[in-house]
Each structure stands twice: as structure tokens, then as C-alpha cells.
Amino acid sequence: MLEINNVSKIYGEGHSQVVALQGVSLKVTQGDFIAIMGPSGSGKSTLLNIIGCLDNLSEGQVVFDGQRIDILNENELVSVRRGRIAYIFQQFHLIPSLNALENVLLPIMFSGIKKNGAGQQAAMDMLRRVGLENRATHKPSELSGGEQQRIAIARALVSNPMLILADEPTGNLDQKTGKQILGLLEELNNDGHTIVMVTHDLEIAKHASQIIVLEDGSIVNRMSSQAEKEQTEE
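Residues numbered from 1 in each chain as written. Predicted model: local features only at pLDDT ≥ 70, side-chain atom pairs only at ≥ 80, totals over all residues. Heavy atoms only, no water.

Enquirer: Even after reading the chapter, I still don't get helix α6 (residues 175-190), so can you show me in this structure?
Expert: In an α-helix, one turn spans 3.6 residues, which is why side chains three or four residues apart end up on the same side. The end-to-end C-alpha distance of α6 is 22 Å, a good match for the 22 Å that 16 residues give at a rise of 1.5 Å each. Those residues of α6 that fall on the buried side of the exposure criterion are T177, G178, I181, L182, L184, L185, L188 and N189. Mapping the buried residues of α6 onto a view down its axis gives an arc of 155 degrees, with all of them on the same face. Away from its buried face, by an angle of more than 90 degrees, α6 presents the exposed residues Q175, K176, K179 and N190. (Helix = DSSP H or I, 4+ residues; strand = E, 2+ residues; numbered from the N terminus. Expected span 1.5 Å × (residues − 1). Buried < 20%, exposed > 50% of the residue type's maximum accessible area, 1.4 Å probe, protein only. Arc of directions from axis to C-beta.)

Enquirer: Is there a simple way to think about unusual backbone geometry in this case?
Expert: Apart from glycine, the bulk of residues carry a negative phi angle, and the bulk of peptide bonds sit in the trans form. The backbone of D65 sits at a positive phi, close to 55 degrees, despite the residue not being glycine. Tracing the sequence through the fold places D65 in the loop between β4 (59-64) and β5 (67-68). The residue H93 is not glycine, and still its phi comes out positive at about 55 degrees. Looking at the secondary structure, you find H93 in the loop between β6 (85-88) and α3 (100-110). With a relative accessible area of 46%, H93 lands in the partly exposed category.

Enquirer: What exactly am I supposed to notice about the side chain of Q148 here?
Expert: By secondary structure assignment, the location of Q148 is in helix α5 (residues 145-157). A relative accessible area of 16% means that Q148 is categorised as buried. Within the local environment of Q148, its side chain forms a polar contact with the backbone oxygen of L143, the two atoms lying 3.4 Å apart. Discounting chain neighbours no more than four positions away, the residues touching Q148 are F92, L94, P140 and L143. (Polar contact = N/O pair within 3.5 Å; in protein donor to acceptor, adjacent residues only side chain to side chain. Contact = heavy atoms within 4.5 Å.)

Enquirer: Explanation requested: the sheet that holds strand β2 (residues 18-28) in the structure shown.
Expert: The pairing of strands in a sheet happens through backbone hydrogen bonds and is either parallel or antiparallel. Across the sheet, four strands lie side by side as β2-β1-β4-β5; this open sheet has antiparallel pairing. Lying at the two open borders of the sheet, with one neighbouring strand each, are β2 and β5. As judged from the seven bridges shared by strand β1 (residues 2-11) and β2, these two strands associate in the antiparallel manner. Its bridge partner lying in β2, E3 is registered against K27. (Pairing = 2+ DSSP bridges.)

Enquirer: Honestly, the sheet that holds β6 in this entry has me stumped. Any pointers?
Expert: Taken in spatial order, the six strands of this open sheet run β6-β7-β8-β3-β9-β10, and their pairing is mixed. One side of each edge strand has no neighbouring strand; the edge strands of this open sheet are β6 and β10 (218-224). Direction aside, neighbouring strands of the sheet carry axes that sit 20 degrees apart on average. When strand β3 (residues 33-37) meets strand β8 (residues 194-199), the two strands line up parallel, connected through five bridges. Along β8, the bridge assignment pairs A35 with M197. α5 rests against β6 and β7 (163-167) of the sheet, and its axis sits at about 175 degrees to β6. Contacts from α6 reach β3, β6 and β8 within the one sheet, and its direction differs from that of β8 by about 150 degrees. (Axes fitted to C-alpha atoms, helices over the stretch in contact; angles between N-to-C directions.)

Enquirer: In this structure, what is going on with helix α1 (residues 44-51)? I would like to understand it.
Expert: With six of eight residues buried, α1 is to be regarded as a mostly interior element. Turning to α1, its buried residues are K44, T46, L47, L48, I50 and I51. Positive phi shows up at C53, right after α1, with a value of about 65 degrees.

Rendered as C-alpha cells:
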């Protein structure tokens, strides 16, 4: 599904240059659940943004669904993202003036499909999938943090994307609610959804099937979460 080949990202020029990524290579196959972890400034979010067509790279190649996307213009990138790549953010990014159902409908509307009965039903099905069909008419200010994140997940799923990118999806949640969201992500992965998640927390990363560790913009370790669990237990 996704190949990242020797990707580097450099911000600035001359003495003010900052190397965010350096020679990163990674393959993601259908059904993977990959956690990218590392300390602040290690390049985690930069890598996720490059995968999601939200940032340009300085060197290397990115191939998504058989197409090299690092050479596309902005209009072409929008076409790649639309309906195929979905983001789940730490900050939720729900529209305050819209209710839960309307927020979930947004990707359908942006894809050019009118807000018809089929679209409404798809959005309601996603709310039901995350256990919030009874909150469909509530606005974000009337929902808890965990409920808002579940709305954001429903919004990500409604267009049936090939790839779900999650950037610190439990970062603004308490421990109990965070575990519920991670459980939901695991459930989605078990249903066949491909997920790449950024986190700085090893305990959260262990919910993925594979862990990629970044330091100073380079991959310094790759492991299965099962192996990491066994090491911790020892």
C-alpha cells in the first residue's frame, strides 16, 4: 500500500537548516497497525504529514497505492487524499457550529457527493459504529473529550479510506478514555483497517502490531509490539 524510500526533510537554509527526517525508509501493507514513536522533535509528525500528503519531502520517494505521490502538484495531492487517506488528530478538529452527524458528514460533502439520504445513513452508521448514534444532534461543546475523539474517528471512517493516520489520538484524553479509544483503534484494525499512529508513549505504542522508533529524524529501531511486551515482562 505504501512505500517510503530514503526520505529526508530539511527546513530552512544555510546555518538555520533543521533536519527533520534523514534517510527514512518504511513499508506499510494492507491491514498493518504501525506505531511511530520517539521523543519530541524526533520527526514523528513530519513523517506522518509526508505520508498524508500534507508536507513535501526534500529527498526520496513516497509511493502510495502504486503511485508516486512526492512528485504530484497540490491539486493532484488533494485527489489522492480525498476518500483514501483519513486523519485522526489529537485536537479533534471538529467544527463547533456543526452537530456530531454534520461533522461526520463533512468528508462526504467535500468529496462532491450531496448530503442525500445515502450520505446521512452512512454518517449515522459510523456514529453507531463508535457508539454515539444517540449523540448525533449534539455539538462538540456538549460532548466529552472521549466522545469528540470518537466523532473524529467516525468522520475518518465515513469515506472508507485505505489508510488511517492518527497523530497522538489519546493525547488530550484521560487514561481511562484513552484506553477506550485505543481499544476502538485495535477493533478497527482487526476489521481490516490500516492504521499508522504517532505516539511518544511506549505503552500506547504496544497496542500496534509493529513499532518504529525515531530519533533525530532517523529510524533507530523496528520491533513487533509482542516482542516489546515480552521484553518488558522479562
